[in-house]
Amino acid sequence: MTDVVFIGPSLPADEVGRLLPDAVVLPPVAHGDLLRLDVAPGDRVLVIDGFFLQHPPVRHREILDLLDRGVTVAGAASMGALRAAELWPFGMRGVGEVFQLYRDGVVTGDDEVAVVHGPAEDGHRALSVPLVNIRVALRRAVAAGVLSDTEAVLLLNIGRDLPFRRRSYRALERSAPPEAKDVVDRFLTWHRQDPSDAKGADARLLLSMAADNAPELCPAHPGDQPIDNLHTRFLDSWRSRFAGESVGGHWTSDREAAAVLMLLHPESPTWHRRGVLAGLAEVDITDPAVEERASEVARRRGLTGAPASGWDWLTDRERDLDDREAVLRVLVRAFGTTPYRSLALWMVAAPLRTPALLTAARQVAATAASLNETLVPRTTGRRRPGGRLHFRTEIVDACFARLWGCAVDELEAAAWDRGFVDLAAFRYAAEPLVAYVKAFGSPRLPTVGTRAQEGTLAGPAARVG
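Since the model is a prediction, treat every value here as computed from it, not as a measurement. (Residues numbered from 1 in each chain as written. Predicted model: local features only at pLDDT ≥ 70, side-chain atom pairs only at ≥ 80, totals over all residues. Heavy atoms only, no water.)

Right, let's get into the overall build of the chain. Looking only at helices and strands, the chain features 19 helices and 9 strands. The C-alpha radius of gyration of the chain comes to 28 Å, more than 25% above the 23 Å expected for a compact globule of 465 residues. Once the C-alpha set of the chain is aligned to its principal axes, its extents read approximately 90 × 55 × 45 Å. Within the span of the chain, comprising 465 residues, buried residues form 50% of the whole. Pairs at least 24 residues apart make up 65% of the contacts formed inside the chain by residues separated by at least 6 positions. (Helix = DSSP H or I, 4+ residues; strand = E, 2+ residues; numbered from the N terminus. Rg over C-alpha atoms; globule rule 2.2 N^0.38 Å. Buried < 20%, exposed > 50% of the residue type's maximum accessible area, 1.4 Å probe, protein only. Contact = heavy atoms within 4.5 Å.)

Written out as structure tokens, the structure is:
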């Protein structure tokens, strides 16, 4: 069993190792991080801290996806408590006082667990105090007879009025109106003698329960609601974007591997055509009569020539094709293309998704990324925000028109035949590979049916980093 812990300002990382030895400790969780995990049924993912401002926060469907796969997901203290309070009916486990406050509706604002913290190099050290910690400390003060309920509400409202970046016990003292000074002084004098940290306590509780294999962290419960309508195009798109493998220090996503196979494998148009037609005819892609069967389906549905709406999928030169070929091309292009953001490995024809080809494609993507990082921006290219190399449109088009042996004005049709819905989708996928193609030409990808040594590939595709 593997334990993965996402931790940040709520608890020092070295304390995780003391409480839950052998756990894989990762920084605060962000959108996409759960989709990168190599976990299986029986493993546990413990979410304590998460990003919400610097990076998009972890999505609910990412957690539901793990739960649906039989992975235990539990949360506490911060982002983990938030998501557990939202998803506990579906099987995410919540632990601690902060979770209970959210689950019971006592706390409803996300900002109550928000803190300013330092960088990873500083251990994500907290630089502010979350409002939920102040809230819990006030509740303890009421229980100890230090404050009345009315006084606790007064101080809580003062803290709530502060921006989350400025919240601290000192700021609470400075911001209190004159009539509340005595109340604040009384509370802080007591709190300094017996300080509390609700988020830290909840994080320790979750880790201790995991170490003890507490039954509360069971992977499934009879009362859990079923997870329905999980697999949407959004989840599929996220999985394609974030899931993948690390090659030579570069994370290569499934989307990048798919782009390499669709753009650079010489058999891509052939197998893509066969795959789309086989799906329409409901036959196997290896059926030698796949085109005849697809043509028969088209005839039964009255498509004996390219329909008026289908002419948009044909170039001027293709309008003289015979009816059969014109219909087949329209079918492939109308039913077999997708925007770049929907690009996923399932768009690649099955014969091109062998382990050897996927390994080779990831090597090409990693080499291209390494090459892009070393290039000095010139007049032909510049950096996009985030470091992505940007080539002018005419550079991208000319590079791939030359590679594919077609005229630039035929490039869109060539992109359709590889599964891209338009030139914008093609260019977005192709741009990161331009420098690679200019430097090395077409990579020597294994052909379908050829046995390639696992993890090795002659030529530039094998050079990573």
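What follows is about the environment of Pro-443. Mapped onto the elements of the fold, Pro-443 is located in the segment after helix 19 (434-440). Sequence-wise, Pro-443 and Glu-292 are 151 residues apart; in three dimensions their C-alpha atoms are separated by 33 Å.

Here the UniProt-annotated "domain: TfuA-like core" (unreviewed entry) positions come out as residues 49-168. Secondary structure within residues 49-168 divides into 42% helix and 7% strand; the distance between the first and last C-alpha atoms comes to 19 Å. (UniProt positions renumbered as here; feature names shortened; annotations may be inferred.)

What follows concerns the packing of aromatic side chains. For any two aromatic rings, the description comes down to two numbers: the centre-to-centre distance and the angle of the planes. Applying the stated criterion to the full structure yields 8 aromatic pairs. When the centroid spacing of 5.6 Å and the interplanar angle of 85 degrees are considered together, the rings of Phe-400 and Phe-426 count as edge-to-face. Here the residue Phe-400 occupies a position in helix 16 (residues 393-404), and Phe-426 occupies one in helix 18 (residues 423-430), the gap between them amounting to 26 residues. For the residue pair Phe-400 and Phe-426, the accessibility class agrees, reading buried in each case. Centroid distance Trp-404 to Phe-426: 5.5 Å. Interplanar angle 50 degrees. Geometry classified as tilted. Of this pair, Trp-404 sits in helix 16 while Phe-426 sits in helix 18, placing them 22 residues apart in sequence. A residue is classified by how much of its surface remains accessible, and Phe-426, at 0% relative accessible area, is buried. Taken together, the ring pairs in this structure connect Tyr-169, Phe-187 and Trp-190 into an aromatic cluster. When the ring centre of Trp-404 is taken as reference, the NZ or CZ atom of Arg-418 above it lies at 3.8 Å. (Phe/Tyr/Trp six-rings, centres within 6.5 Å; stacked < 30°, edge-to-face > 60°. Lys NZ or Arg CZ within 6 Å of the ring centre and 35° of its normal.)

Relative to the assigned elements, Ala-415 resides in helix 17 (residues 411-416). Looking at Ala-415, the relative accessible area reads 0%, which means it is buried. Each C-alpha atom of the pair Ala-415 and Arg-333 lies 9.4 Å from the other, and the pair is 82 residues apart in sequence. The residues touching Ala-415, leaving out its near neighbours within four places in the chain, are Trp-404, Phe-420 and Phe-426.

Here we come to the side chain of Arg-274. With respect to the element layout, Arg-274 can be found in helix 12 (residues 268-281). Here Arg-274 sits buried without a salt bridge, and the closest side chain of opposite charge, Glu-291, lies 5.7 Å off (N-O distance). Only 2.7 Å separates the side chain of Arg-274 from the backbone oxygen of Asp-287, close enough to count as a polar contact. Sequence-distant contacts of Arg-274, that is, excluding residues within four places in its chain, are made with Ile-285, Thr-286, Asp-287, Pro-288 and Val-290. (Lys, Arg positive; Asp, Glu negative; His and termini not counted. Salt bridge = Lys/Arg side-chain N within 4 Å of Asp/Glu carboxyl O. Polar contact = N/O pair within 3.5 Å; in protein donor to acceptor, adjacent residues only side chain to side chain.)

Ranked by size, the top nonpolar core spans 58 residues in total, and within it Leu-263, Leu-264, Leu-343, Phe-400, Trp-404, Phe-420 and Phe-426 carry the most contacts. Among all residues touching Leu-264, those that are not within four sequence positions of it are Ala-259, Val-364, Phe-400, Leu-403, Leu-433, Val-437, Ser-442, Pro-443 and Leu-445. Leu-37, Val-107, Val-113 and Phe-242 belong to the second largest nonpolar core, which has 36 residues in total. (Core = buried A, V, L, I, M, F, W, Y, C linked by side-chain atoms within 4.5 Å.)

Take the sheet that holds strand 5 (residues 93-95) next. If you walk across this open sheet you meet the 5 strands as 2-1-3-4-5, and the pairing is parallel. Each edge of the sheet is formed by a strand with only one pairing partner; in this case those strands are strand 2 (24-26) and strand 5. Strand-to-strand twist of the sheet, defined as the mean angle between neighbouring strand axes without regard to direction, takes the value 20 degrees. Summarising the sheet, strand 4 (residues 72-76) and strand 5 pair through 3 bridges and their orientation is parallel. Bridge pairing in strand 5 places Ala-76 opposite Val-95. Relative to strand 4, helix 3 (residues 79-87) is tilted by about 120 degrees, and along the sheet it contacts strand 3 (44-47), strand 4 and strand 5. (Pairing = 2+ DSSP bridges. Axes fitted to C-alpha atoms, helices over the stretch in contact; angles between N-to-C directions.)

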